[in-house]
Amino acid sequence: MHLPPSFCELAAASNFSFLEGASHPEEVVARAAELGLGAVAIADRHTMAGVVRAHVAARERGVQLAVGTRCVFALGIDDLPTHVELVLLAESPAGYARLCRLLTLGKRRAGWTLDVAASPEAVEAGIESRADARDATACHLWLHDLRDAGVQSVGSGEPGDGSGRDPGTERALAPFALPGVQAIVMPPHDDGLTRPRFLDALHWLRASFDGDCLSLGLVPRGGPDAALRLLQLEWLSHETGIPLLASNDPRCHVRDRQPLQDVLTAIRAGRTVRDLRDLERAWAVDRAHGRAWDGPRLQPDDERHLVGADAIRALLAAAATPPAGHTAPRTGNARDARAPVPTVPVDVREAAIARSAHVAARCRGFSMSMLRYRYPREVAPAGVAPIDHLRALVEQGARERWPDAAGGVPAKVRVQLEHELAIIADLDYPCYFLTVHAIVAFARGRGILCQGRGAAANSAVCFCLGITAVDPARSDMLFERFVSRERSEPPDIDVDFEHERREEVIQHVYATYGRGRAALCAEVVSYRGRSAIRDVGFALGLPQ
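In short, a report on the structure. (Residues numbered from 1 in each chain as written. Predicted model: local features only at pLDDT ≥ 70, side-chain atom pairs only at ≥ 80, totals over all residues. Heavy atoms only, no water.)

## Let's talk about the overall build of the protein
Part 1: Across its full length, the protein holds 18 helices and 12 strands.
Part 2: Across the 544 residues in the protein, those meeting the buried criterion constitute 48%. (Helix = DSSP H or I, 4+ residues; strand = E, 2+ residues; numbered from the N terminus. Buried < 20%, exposed > 50% of the residue type's maximum accessible area, 1.4 Å probe, protein only.)

Listed below in structure tokens is the structure:
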């Protein structure tokens, strides 16, 4: 018996698409498991921050998770569409690294992680301090960034040039776009499908992506023009040679979250939900007069949620069927004769569903569990093994802590040091300890107060390196609370630096390792109760 192809949703958004997605990543994964989807991808706008939570949930539920992001690439403001939107999914560790570098390029160009004093972007944007930098969702990318040689050069150098120049000018371009990445072109809203610029962008993408790495999203949408949109997508696929891939482009995991998604859209737009509905009703007329609302818009229906294989078939079938009585003029001489509007054939829709499973299978080549830390190797002198350099520094620190005149290193501490160094060598962590030691040594050399804390206080090695202050000769240490062969967790040394001079340490790290290899930890910003009530009340039109 021939079974219909499995459906995989590869363009789901979570609430890490701030004020756009209305479901937590864990909820998306749990719903995918309930629906029996072959795989699900969390593709948030200009970020992969939600993937970690999704990975944990997918591992617990046995769901295949494809890892990626949704990026908007500028085409210019002189014509429509002004941008093209791609879902980019990693199919290998190298592909994941390139996605990270692409996002880094876009974020830096938008004003984030700037060295404000020396940044042309900051000067042009009027940014005088990091606090003046733009919001965290900003990410400025051009289509040609997909072929930026700096982005593709995994493991060395800076991503791109960060200059914000027009695409293709004075920049080295690779022959193909982002090896190890699957790309899905998401169809633009309204009449963007029929614009020559969108067709030109598709041709460029088809020529740029190597092999079987590019798809065109076949997304069902409600409305009287739903069937026409699917026909346009089918024609674009035939014209460009880009295969169709079925997706419901979900913004939440269940239909019941659609009202919340509407509220989030209204908050993002700075309007009420009622205002956006009024604007939507008048949008077609306003556009004809050149004054249409160009901000965030409500979804045209309540179907932008996660669905299973049967539901996506039903949605595509409904979208492909013109409204009753909807006809098109016949060709020929027959007066007043009308012909039924053609529909996208079933086999085309089924092929698009099968394509989703095919791309998901390609993405099995990468999982977040494959990631491993790669620490700087330059912390050890040339020709010296990192473990040998670490041992030498530990011995030097031990002699300073317990000088020979005072009896030398206690036997208990010597045993502890050998035990710790053996584990550090086995797990290939010497460079990590050397990196932290170098940062602490810089701070102490400048007279900057600093102190290690947390589980690292259980390490005699850290004490000898001057990172922590807990004397192993006076306490019983359990190093395995900090680093263990049994746990596949990297070490984590927390060092506090005095607040007034912490920026000196940060700039030293940037200067030493380069901005392509150093970054500040990001925070997940959540609404507080009072702010949430205020913003939701505004979106619902309640008096402030």
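## Topic: helix H14 (residues 411-426)
Part 1: Here H14 contains 16 residues, and its C-alpha end-to-end distance of 23 Å stays within 8% of the 22 Å for a straight helix at 1.5 Å per residue.
Part 2: Tucked into the core, H14 has its buried residues touching helix H13 (386-401), helix H15 (430-445) and helix H16 (460-464).
Part 3: Once H14 ends, the next one or two residues include Asp 428, with phi positive near 60 degrees. (Expected span 1.5 Å × (residues − 1). Contact = heavy atoms within 4.5 Å.)

## A closer look at the side chain of Gln 64
Part 1: Relative to the assigned elements, Gln 64 resides in the loop between helix H2 (51-61) and strand E3 (65-74).
Part 2: Classification of Gln 64 as buried rests on a relative accessible area of 17%.
Part 3: With near-sequence residues (within four places) excluded, Gln 64 lies in contact with Gly 38, Ala 39, Val 40, Ala 360, Cys 363 and Arg 364.

## Observations concerning the packing of H13 against H14
Part 1: Contact geometry for H13 and H14: axes closest at 11 Å, N-to-C directions at 160 degrees. Considered as vectors, H13 and H14 are oriented roughly antiparallel to each other. Judged by the sense of rotation from one axis to the other, the crossing of H13 with H14 is right-handed. When H13 is examined against H14, the residues Ile 387, Leu 390, Arg 391, Val 394, Glu 395 and Ala 398 are found in contact with a partner set consisting of Arg 414, Leu 417, Glu 418, Leu 421, Ile 424 and Ala 425.
Part 2: Counted by class, the contact of H13 with H14 contains 8 nonpolar, no polar and 4 charged residues. (Axes fitted to C-alpha atoms, helices over the stretch in contact; angles between N-to-C directions. Parallel < 35°, antiparallel > 145°, perpendicular 65-115°, else oblique. Left-handed = near helix turned anticlockwise from the far one by under 90°. Nonpolar A, V, L, I, M, F, W, Y, C, P; charged D, E, K, R; others polar.)

## Things to note about the environment of Gly 466
Part 1: With respect to the helices and strands, Gly 466 occurs in the loop between H16 and strand E12 (494-497).
Part 2: A residue is classified by how much of its surface remains accessible, and Gly 466, at 15% relative accessible area, is buried.
Part 3: In this structure the C-alpha to C-alpha distance between Gly 466 and Arg 401, which are 65 residues apart in sequence, comes to 9.3 Å.
Part 4: Not counting residues up to four positions away in its chain, the partners in contact with Gly 466 are Arg 401, Val 440 and Arg 444.

Shape is all these values report; function is a separate question.
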